[in-house]
Amino acid sequence: QKAEKQEAEEREAEGLIKELEEEISELMKRSSEVEQLSRSEDHLHLLQHFCSLKAPPATKDWTEVMVRPSSYEETVLRAVAQLEDTLSDKMKKMKMKMLQQFAVDVTLDPLTAHPNLVLSDDGKQVYCSDVKEKLPDNIERFSYCVNVLGKQSFSSGRFYFEVQVKGKTEWDLGVVKESINRKGNISLRPEDSLWTVILRDGNVYTACENHSVILHLKCVPEKVGVFVDYEEGVVSFYDVDAAALIYSFTHCCFTHKLHPYFSPCNNDGGKNSSPLIICPVNQSE
């Protein structure tokens with residue numbers, strides 16, 4: 001009876017190994033396809049074939065398998081887990097590469113900058129000073145909130161830009177309607193034509209929906225990518241270095257010009273003195 005039980009266990013183990021080998025074969029095939037596609041310089045080809053490879057092949061939930069694995073089976077299980085992680089990482093990097101094809105050159109508009117904001121000469125950096133400059137209160141300028149807009153406006157298509165947020169304890173990033181209120185308090189929500197993600201208190205990330213959504217991020221983003229698809233009504237935020245989605249606003253209805261939106265937030269006695277920096281987009285390898 002003991003021999004029969006052992007024989008049955010061996011047959012079951014052989015069956016599981018065969019299943020695992022088939023999954024590994026399929027995953028390696030998909031990994032090879034993703035690797036080849038990620039090297040493509042043909043942007044149209046990349047976009048056309050990305051969706052077909054977006055979903056990884058179905059794999060069995062091996063956590064429910066209750067057998068005593070041999071060292072060989074343990075090796076195979078580890079190999080499958082590592083391969084799935086590698087495949088997922090490649091898919092994320094390919095997604096970032098696809099988004100980065102839509103990179104635009106964004107510069108800060110000094111005519112919109114709150115008087116406490118200090119802009120670099122090239123219009124790529126901004127931080128908040130304790131000193132309020134004497135500037136003309138033109139209609140474009142924010143006079144209540146420490147905000148600044150990008151010079152560029154967009155009313156169609158797709159666009160993408162990246163901003164370094166490293167070292168900051170508070171910031172706002174996103175896109176806003178051109179006719180945003182510049183002379184009073186602003187409510188950060190889509191109802192008021194703002195699509196933003198913010199950081200507060202050093203570690204509280206929030207997507208400013210009409211009802212705010214607290215975000216639980218696996219790692220602290222040092223560079224944030226902002227992607228907009230005007231026709232599809234999507235505004236997405238990414239941790240560039242991790243190639244990970246932070247949050248997406250969907251089903252937006254855009255009927256007006258959109259501007260990139262930035263707030264380095266208050267200096268906070270020097271704790272939040274680091275600038276927001278609009279970075280050149282270096283496409284993921």
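Just above, that's the structure.
Residues numbered from 1 in each chain as written. Predicted model: local features only at pLDDT ≥ 70, side-chain atom pairs only at ≥ 80, totals over all residues. Heavy atoms only, no water.

**Re the pairing of strand 7 (residues 204–207)**
Residues in a regular strand point their side chains to alternate faces of the sheet.
Here is step 1 of the chain: Sheet analysis places strand 6 (residues 194–200) next to strand 7, joined by 4 bridges and oriented antiparallel. Its bridge partner lying in strand 7, Arg200 is registered against Val204.
Here is step 2 of the chain: Linking strand 6 to strand 7, which pair antiparallel, is a turn of 3 residues; within it Asp201 sits at a positive phi near 55°.
Here is step 3 of the chain: The antiparallel hairpin formed by strand 7 and strand 8 (residues 213–215) contains 5 residues in its connecting segment. (Pairing = 2+ DSSP bridges. Helix = DSSP H or I, 4+ residues; strand = E, 2+ residues; numbered from the N terminus.)

**Overview of the sheet that holds strand 8**
Here is step 1 of the chain: One open sheet holds the 6 strands; their spatial order is 3-12-5-6-7-8, and the pairing between them is antiparallel. Because the sheet does not close on itself, it has two edges, and the strands there are strand 3 (148–149) and strand 8.
Here is step 2 of the chain: In this sheet, strand 8 lies alongside strand 7 in antiparallel orientation, the contact comprising 3 bridges. Looking at the pairing, Tyr205 lines up with Leu215 of strand 8.

**Notes on the sheet that holds strand 2 (residues 125–128)**
Here is step 1 of the chain: One open sheet holds the 7 strands; their spatial order is 1-2-13-4-9-10-11, and the pairing between them is antiparallel. Only two strands of the sheet have a single partner each, and these edge strands are strand 1 (117–119) and strand 11 (244–249). Strand-to-strand twist across the sheet, computed as the mean angle between neighbouring axes with direction ignored, equals 20°.
Here is step 2 of the chain: The pairing of strand 10 (residues 234–239) with strand 11 spans 5 bridges and is classified as antiparallel. Pairing of Asp239 across the sheet is with Ala244, part of strand 11. (Axes fitted to C-alpha atoms, helices over the stretch in contact; angles between N-to-C directions.)

**Let's talk about the packing of aromatic side chains**
Here is step 1 of the chain: On inspection of all chains with the given rule, the structure shows 8 aromatic pairs.
Here is step 2 of the chain: Look at Phe161 and Phe262: their rings are 5.9 Å apart centre to centre, the planes differ by 55°, and that puts the pair in the tilted class. Separated by 101 residues along the polypeptide, Phe161 in strand 4 (residues 158–164) and Phe262 in strand 12 (residues 258–263) bring together distant segments of the chain.
Here is step 3 of the chain: For Phe161, a relative accessible area of 1% translates into the label buried.
Here is step 4 of the chain: Residues Trp195 and Phe254 carry aromatic rings whose centres are separated by 5.0 Å and whose planes lie at 85° to one another, so their mutual orientation is edge-to-face. Linking Trp195 in strand 6 with Phe254 in the loop between strand 11 and strand 12, this pair joins segments that are 59 residues apart in sequence. Each member of the pair, Trp195 together with Phe254, is buried.
Here is step 5 of the chain: One aromatic cluster in this structure is built from Trp195, Tyr230 and Phe254. (Phe/Tyr/Trp six-rings, centres within 6.5 Å; stacked < 30°, edge-to-face > 60°. Buried < 20%, exposed > 50% of the residue type's maximum accessible area, 1.4 Å probe, protein only.)

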